[in-house]
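Spelled out, the chains give:
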Amino acid sequence: MKNRYSLFILFISSLYILFTQFYHLGSLPIVQWDESRLAVNAMEMNASGNCIVTTFEKVPDLYNTKPPLMIWLQVLSIKCFGAGEWAIRFPSAMAGLSTILLVGFFVFKINANIISACFAMLILTTCDGFINLHGSITGDYDALLAFFLVFSIYYCHTYLLSAKKKYLYLFTLFVALAVFTKSAAALIFFPVYFSLFFYETKFKNYGKLSITLLIALIPFLLFCILRESAVPGYLKAVWHNDFGGRFVNGRDGHEGEWYYYIQHLFSFRFSWFIWLLPFGIAWGIYRRIREINFMSIVVLVYLFIISIAKTKLEWYDIPL
């Protein structure tokens, strides 16, 4: 009877998550700035067939200089569903749905409790900002980035527990995909990985981790070389747009106090649910619960990094 009740809760939760993620996905007009830029990139790539050089108004785009993985997925979606808001947003929506399901799976794997897994998925589903603008209901990079980062953390955790090479390979794959989604934004997570390896093995596996992360950079570096050879000036534009100065200088007026994201989490993202988090972290430290301590490191290190960065935008905390 208990299993039937748990499965019923899982079924209802899954329906709600699907409804929330996909209901009216294509009804909102394309949003100005980031989403509209990606939409133009995808439409023009679909028309031209040039899968290396993204264009804007049929000119090589040196403003949006992110790697083209998201654009490729949007082009594939356009070919499947036709041009429109739904097609532009479908990759983000699938990434958002997959992230929610992975969170549930991760919780279930830890405690074998379906209700806890449903609760975790519903918290993420109902928080402000995940299934929202610049999240998983618009055609932006951040839901896909979060998806790959969460998977990389999952396989990092699994590898450190098991020491099996196949999990190290999967960890490398998802780090590479995260970097190929949003370049510098994924690199911010590298100190998180080093912190996790230090927590589990001290300095024992730092060499292996360093090699792993260097390998994960190869697809991005090869693409940069290929794109530069096709359109000279791309590397300079990448450095200016994505790397040069965003961390130490506020860009385009996007600045805030050091507690910007902390305040954001408490006042906007999770409302009263967030008040459970400090107690959960304290409980994990007190009881030495490995998984809670592991995820606490992820949250605290990433939160620290984005908090000391000068450029602050509300969607930078989506991976949290």
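Above this text sits the structure in question.
What you are looking at is a predicted structure, and each value in this text was computed from that prediction instead of being measured. (Residues numbered from 1 in each chain as written. Predicted model: local features only at pLDDT ≥ 70, side-chain atom pairs only at ≥ 80, totals over all residues. Heavy atoms only, no water.)

K.L.:
Explain the overall build of the protein chain to me, using residue names and the numbers behind them.
P.N.:
Each helix and strand counted, the protein chain has 14 helices and 2 strands in total. Relative to the 2.2 N^0.38 estimate, which gives 20 Å for 320 residues, the radius of gyration of the protein chain is 20 Å and therefore close to what a compact globule would have. Across its three principal directions, the C-alpha atoms of the protein chain cover 60 × 45 × 40 Å. The proportion of buried residues among the 320 residues of the protein chain is 46%. Restricting the contact set of the protein chain to residue pairs at least 6 apart, pairs at least 24 apart contribute 73%. (Helix = DSSP H or I, 4+ residues; strand = E, 2+ residues; numbered from the N terminus. Rg over C-alpha atoms; globule rule 2.2 N^0.38 Å. Buried < 20%, exposed > 50% of the residue type's maximum accessible area, 1.4 Å probe, protein only. Contact = heavy atoms within 4.5 Å.)

K.L.:
Break down helix α4 (residues 85-111) for me, citing the residues and quoting the values.
P.N.:
An α-helix turns once every 3.6 residues. As a result, residues three or four positions apart point the same way. Compared with the 39 Å implied by 1.5 Å per residue over 27 residues, the 39 Å span of α4 between its first and last C-alpha is a close match. At Pro-91, α4 is bent by approximately 35°, the largest bend along its length. At the exit of α4 stands Ala-112, carrying a positive phi of roughly 55°. (Expected span 1.5 Å × (residues − 1). Bend = angle between axes of the 7 residues up to and from the residue.)

K.L.:
Explain the pattern of salt bridges to me, using residue names and the numbers behind them.
P.N.:
As enumerated under the stated definition, the model contains 6 salt bridges in all. Between Arg-89 and Glu-35 there is a salt bridge whose closest N-O contact spans 2.6 Å. One end of the pair, Arg-89, is in helix α4; the other, Glu-35, is in helix α2 (residues 34-48), with 54 residues separating them in the sequence. On the basis of relative accessibility, which here comes to 0%, the residue Arg-89 falls in the buried class. (Salt bridge = Lys/Arg side-chain N within 4 Å of Asp/Glu carboxyl O.)

K.L.:
Requested: an account of unusual backbone geometry, with residues and values cited.
P.N.:
Even without a glycine there, the phi angle at Lys-58 is positive, about 65°. Topologically, Lys-58 is positioned in the loop between β1 (55-56) and β2 (59-60). The exposure class of Lys-58 is exposed, given its relative accessible area of 76%. Of note in this structure, Ala-163 is not a glycine but carries a positive phi near 65°. Residue Ala-163 is classed as exposed on the basis of its relative accessible area, which comes to 55%.

K.L.:
So what's going on with helix α5 (residues 114-126)? Residues and values would help.
P.N.:
Between its first and last C-alpha atoms α5 spans 18 Å; for 13 residues at 1.5 Å apiece the expected length is 18 Å, and the two agree. Along α5, the residues classified as buried are Ala-117, Cys-118, Ala-120, Met-121, Leu-124 and Thr-125. Buried residues in α5, looked at end-on, bunch into an arc of 160°, giving them a common side. Put simply, Asn-113 is the residue that caps the front of α5, since its side-chain oxygen is 2.9 Å from the backbone nitrogen of Ile-115. (Arc of directions from axis to C-beta. Polar contact = N/O pair within 3.5 Å; in protein donor to acceptor, adjacent residues only side chain to side chain.)

K.L.:
Requested: an account of the packing of aromatic side chains, with residues and values cited.
P.N.:
Following the criterion strictly, the structure yields 33 aromatic pairs and no others. Aromatic pair Phe-147 and Phe-148: ring centres 5.2 Å apart, planes at 50°, arrangement tilted. Just above the ring of Phe-56 sits the side chain of Arg-37; from NZ or CZ to the centre is 3.8 Å. (Phe/Tyr/Trp six-rings, centres within 6.5 Å; stacked < 30°, edge-to-face > 60°. Lys NZ or Arg CZ within 6 Å of the ring centre and 35° of its normal.)

K.L.:
Which residues make up the side chain of Ser-92, and what values do they have?
P.N.:
In this structure, Ser-92 sits in helix α4. Those residues in contact with Ser-92 that lie beyond four places of it in its chain are Met-70, Gly-135, Ser-136, Thr-138, Gly-139, Asp-140 and Ala-143.

K.L.:
Can you break down the packing of helix α6 (residues 142-162) against helix α9 (residues 190-201) residue by residue, with the values?
P.N.:
Close contact between α6 and α9 brings their axes to 11 Å; oriented N to C, the two are set at 20°. By the criterion of interaxial angle, the relationship of α6 to α9 is roughly parallel. Note that α6 runs across α9; the crossing there is right-handed. Across the interface between the two elements, Leu-149, Ser-152, Ile-153, Cys-156, Tyr-159 and Leu-160 from α6 touch Val-192, Tyr-193, Leu-196, Phe-197, Glu-200 and Thr-201 from α9. (Axes fitted to C-alpha atoms, helices over the stretch in contact; angles between N-to-C directions. Parallel < 35°, antiparallel > 145°, perpendicular 65-115°, else oblique. Left-handed = near helix turned anticlockwise from the far one by under 90°.)

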